[in-house]
Every structure is written in C-alpha cells, then in structure tokens.
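# Coordinate analysis (summary)
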Amino acid sequence: MFPSMVTAPVFSKHGASRNVNMDYDMLKSVVNQTVDLVTFVFVSVLGVCDGELRAELADTLKATADLVACAAARRQATAADHLLALRGHALTVFTALKSALAVDKNAPDELRNFIPQAAVVRRAIDSAMRLLLVKLADDRDLEDDTGKECNALLRKLVDRLRAILRLERLDDSDHARNFVAPALATLPGRTAVEHVFVALSTSNPAAEP
C-alpha cells in the first residue's frame, strides 16, 4: 500500500482549501487504492455488503469519486467546504473503527462488542451520501445541460450505493458483536482501517507532491 506521504495530500485540508483541482501523477492510483480498501472494509469488516457485490461496489465507488471530482470542478466557490465535509464524514467512520481497535482484548464485552461505534458509523455513512445529494448533485440555478446530466448520474450512483450497502445491519447488536468486532481483530481488518485512517487524518503538507 502507498505510504501516507503519497496518500495524505489527496485528502488534506490544505489541498482542498487551496485548490479543488489539485492533481498529481499518483492521484488516480491513490483514489483507486482507497476505494479498494474502503470496499474491503464494507464487505469484510463492517459486513454491510455481500461478497458477490464487492466488484459492483468498487466500480460504483470509483464512478462516484469521478463524478464528485467533476462536481467540485464546476462548483469552485463552495467545493472545498463540501469536500472537507465529505472527508469529515469518512474520518468519523474510521475514527470509530480505530477506537474499537484500541480496546483491550480483556476489556468487558460492552467495550469490545462494537455496538456503540456501529451507530456512529451508520450515521456518518448516511450523512456522507446525503451530502453528495444535497451539495454536489443538486441542480443549481443556471445549471447547463452537461451539469444536469452529471448531477443526475451522481444521484443514480448514490441510489445504487444505498441499495448495495445493507446499513441496517449496523443496527443489529448481534451483527456488531459477532461479525464486526471479530473482523476488526484480524490483521487484514486492522491494517485496512489503520491505513485509511492515517490517509484521512494526516495533512502531511511537507510531503505534498
């Protein structure tokens, strides 16, 4: 996996605030790797997507990322704030997952069962998809036809994500206790969560390409 000096600038506050069109040679690869890691977390850690849909989920997330980039380029005045808010929702998800990793294995069950964090994760994912619809896929005054087409496509992708992701499973305490908590205890689960958390939370401006 790419080190944080390569991944962090993509998600940094400095990059979004300075220029929503920030670009460099590794950008596409970093976004694709992040999508793959998030897909793994949704399928194998959170268990909110069935395994047979993992390829469709990854493709939908990548297409969504592409359209978000297009929307940001067309909304220069407000895009940085919306991108930072989207990053904030993602960071909330991975902060909750990271906090679960820090719980001692000998702690009481109520601290290790992931039930409190599951509610936080679901709210953050719901908020991220709502932000996409309200702030980045809405038809603005004087929106041209190309913009309207992009907005319609982004709305369809968000609808597809909502269909693929079985977020209601996070409301089930048995699922949180018996699927998510054990998955977080595995090396692949822990590694994926920690890697994305660092990418989202490290500004690392000195290493910006």
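Data block above holds the structure.
Residues numbered from 1 in each chain as written. Predicted model: local features only at pLDDT ≥ 70, side-chain atom pairs only at ≥ 80, totals over all residues. Heavy atoms only, no water.

## Notes on the packing of helix α3 (residues 27–45) against helix α9 (residues 173–184)
Between α3 and α9, the shortest axis-to-axis distance is 9 Å and the interhelical angle comes to 135 degrees. Compared by their axis directions, α3 and α9 come out oblique. Side by side, α3 and α9 meet where Val 43, Ser 44 and Val 45 of the first sit next to Phe 179, Val 180, Ala 183 and Leu 184 of the second. (Axes fitted to C-alpha atoms, helices over the stretch in contact; angles between N-to-C directions. Helix = DSSP H or I, 4+ residues; strand = E, 2+ residues; numbered from the N terminus. Parallel < 35°, antiparallel > 145°, perpendicular 65-115°, else oblique. Contact = heavy atoms within 4.5 Å.)

## Some points on the pattern of salt bridges
A full pass over the atoms with the stated rule returns 10 salt bridges. Taking the shortest distance from any N to any O, the salt bridge between Glu 56 and Arg 160 comes out at 2.5 Å. Taken as a pair, Glu 56 in helix α4 (residues 54–74) and Arg 160 in helix α8 (residues 145–164) lie far apart in primary sequence, 104 residues in all. Using a relative accessible area of 34% as the deciding quantity, one classes Arg 160 as partly exposed. Residues Asp 144 and Arg 74 are paired through a salt bridge, measuring 2.5 Å at the closest nitrogen-oxygen approach. Here the residue Asp 144 occupies a position in the loop between α7 (115–136) and α8, and Arg 74 occupies one in helix α4, the gap between them amounting to 70 residues. Linked by salt bridges that have partners in common, Arg 122, Asp 126 and Asp 171 make up one network. (Salt bridge = Lys/Arg side-chain N within 4 Å of Asp/Glu carboxyl O. Buried < 20%, exposed > 50% of the residue type's maximum accessible area, 1.4 Å probe, protein only.)

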